[in-house]
Amino acid sequence: MVKKLRIKFVSITMVLMIVVFGLILTGSHFYNSYWFEVDTLNLLDWIADNKSGINSNPEIRNDTIYEIVVDRNHEIQESYVFGDSAKKLPKDLIMKIISADDDDYSIGKYLFTKRATNDGSIMIFVANTESSGNRLYEGISGVILVVSGVVLLLMLCIYLSGFVMKPAQREILREKQFIADASHELKTPLSAISINAEALKAEFGENRHIEHIISETERMDRLIKRLLTLSKIEESIDESDMSMFSLSDAAEEIALTYESMVFENNLNFSFQIEPRIYMLGSEDQIKQLIALLIDNAVKNANDRGNINMSLESDGDYKILRVSNSGKGISEDEIEHIFDRFYTTDSSRRGESFGLGLAIARAIVLRHRGEITVQSEEDKETVFSVVM
């Protein structure tokens, strides 16, 4: 449980940090792009006004600047390239720049400025923003920064999650230890009460008060055993009981065991089991899971109702379903159906501590599966397990 909480904490923190980091980088990119355009346009204006100093300006060393002179008929008279590029500007691009409004200053990756001369010709100064050596360097640096930032954030989140989860881990362990200790401590007085009640029964014969004491003692003993079972399954990290077994045989064995009990409760029971389904897991716990689901169906089925169990495979997945007709479960109850000590009003047969489905869920989670419930009120309830 603590491991899952830690993974959840790291995942949520990483998503939030990546979003924040991404927003910062995006903002920084647009900010730098804006000022890059401003600086480039200022540079073009300076070149247009101080053409004689174009080769001596250190700001131009890594940029490709084009100077084109066109006459009043839009015919190119002169063309110069300053910088590393030997490529000429396409003529259609030059025509677009000439016909552009005075407020325009960019077409695609090109920034430009225009100057009209006394003889009616036009001087055009164009900068290719993708030709800057610094732009490539900035792109590579940005990628390295993002990757390094994500890795650093991941390491930081994993490190901090250990500190954040320590209080929760202590509380969970304290709760488990309390349940285990309390259950063991209660066993001794319960055993004493049971022994003395049996002695009184042997001495004085049948007595409803004594029978009530024995019945409640047995009930408390079953509750304690279920609490210990749930605590053991939830905190189990020992996989020595995991082995390859026939899930089909296990399901059929439990179904046949419960068949007579179901009929005794005036219920109809049917089951469909696909043969030769195998899985790696704890056979005893899987049998307990199937028994818990059938027992839950019996308790919540309507009079002379129907109970059905099915087992099938879908690729690598094993799908177990147990359904019963009856009152059903409301949407509000479904949210809490797997909580400890939670019981619904529809349970009519036998005692219910509200631990059966909590144990079932713990078994499924230990086998890296998923258990869900679908219910239609006054019709049918279906528990599905996918492993």
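So, how was this worked out
- Counting from 1, residues in each chain are numbered in the order their sequence is written.
- Only residues with pLDDT of 70 or above have their local features reported here, since the model is predicted, and side-chain atom pairs are shown and tallied only from 80 upward, although totals for entire chains, interfaces and linings are computed over all residues.
- To get the side-chain values, take all heavy atoms of the structure and skip hydrogens and water.
- Here, any two strands with at least 2 DSSP bridges between them count as paired.
- Helix and strand definitions here come from DSSP, where helices need a minimum of 4 consecutive H or I residues and strands a minimum of 2 consecutive E residues; each element is numbered from the N-terminal end.
- Lines are fitted to the C-alpha atoms to define the axes, a helix being fitted only along its stretch in contact, and any angle between axes, read from their N-to-C directions, falls within 0 to 180 degrees.
- Contacts between residues were defined by any pair of non-hydrogen atoms, one from each residue, lying within 4.5 Å.
- Put simply, buried Ala, Val, Leu, Ile, Met, Phe, Trp, Tyr and Cys residues joined by side-chain atoms within 4.5 Å make one nonpolar core.
- Burial here depends on accessible area, computed with a 1.4 Å probe over protein chains only, as a share of the maximum for the residue type. Under 20% is buried, over 50% is exposed, and the range in between is partly exposed.
- Within 3.5 Å is the distance limit for a polar contact, defined as a pair of N or O atoms, with the added protein rule that one can donate a hydrogen and the other accept it, and that residues adjacent in sequence qualify only through two side-chain atoms.

**Brief notes about the sheet that holds strand S11 (residues 370-376)**
The sheet built from 5 strands is open, its strands ordered S7-S9-S10-S12-S11 with mixed pairing. Each edge of the open sheet is held by one strand with a lone partner, namely strand S7 (268-273) and S11. On average, adjacent strands in this sheet sit at an angle of 10° to one another, irrespective of strand direction. Both S7 and strand S9 (residues 306-314) contribute to a ladder of 6 bridges, which runs parallel. For Phe-269, the partnering residue across the bridge sits in S9 and is Ile-307. Of the strands in this sheet, S7, S9 and strand S10 (317-325) touch helix H5 (residues 247-264), which is tilted by about 170° from S7. Contacting S7, S9, S10, S11 and strand S12 (380-386), helix H6 (residues 283-300) runs over the sheet at an angle of about 20° to S10.

**Section: the nonpolar core**
One finds Ile-286, Leu-293 and Met-309 to be the most contacted residues of the largest nonpolar core, which totals 48 residues. In terms of residue count, H6 provides more of this core than any other element does, 9 residues in total. For Met-309, the contacting residues outside a window of four places in its chain are Ala-251, Ala-255, Phe-269, Ser-270, Phe-271, Gln-272, Ile-273, Ile-290, Ile-294, Leu-320, Arg-321 and Val-322.

**With respect to the side chain of Asn-324**
Within the secondary structure layout, Asn-324 lies in strand S10. The class for Asn-324 is buried, based on a relative accessible area of 4%. Here the side chain of Asn-324 touches Asn-300 through a polar contact of 3.5 Å, landing on its backbone oxygen. Once residues lying within four places of it in the same chain are set aside, the contact partners of Asn-324 are Ala-297, Asn-300, Ala-301, Asn-306, Ile-307, Lys-379, Glu-380 and Thr-381.

Purely geometric numbers; function is a separate question.
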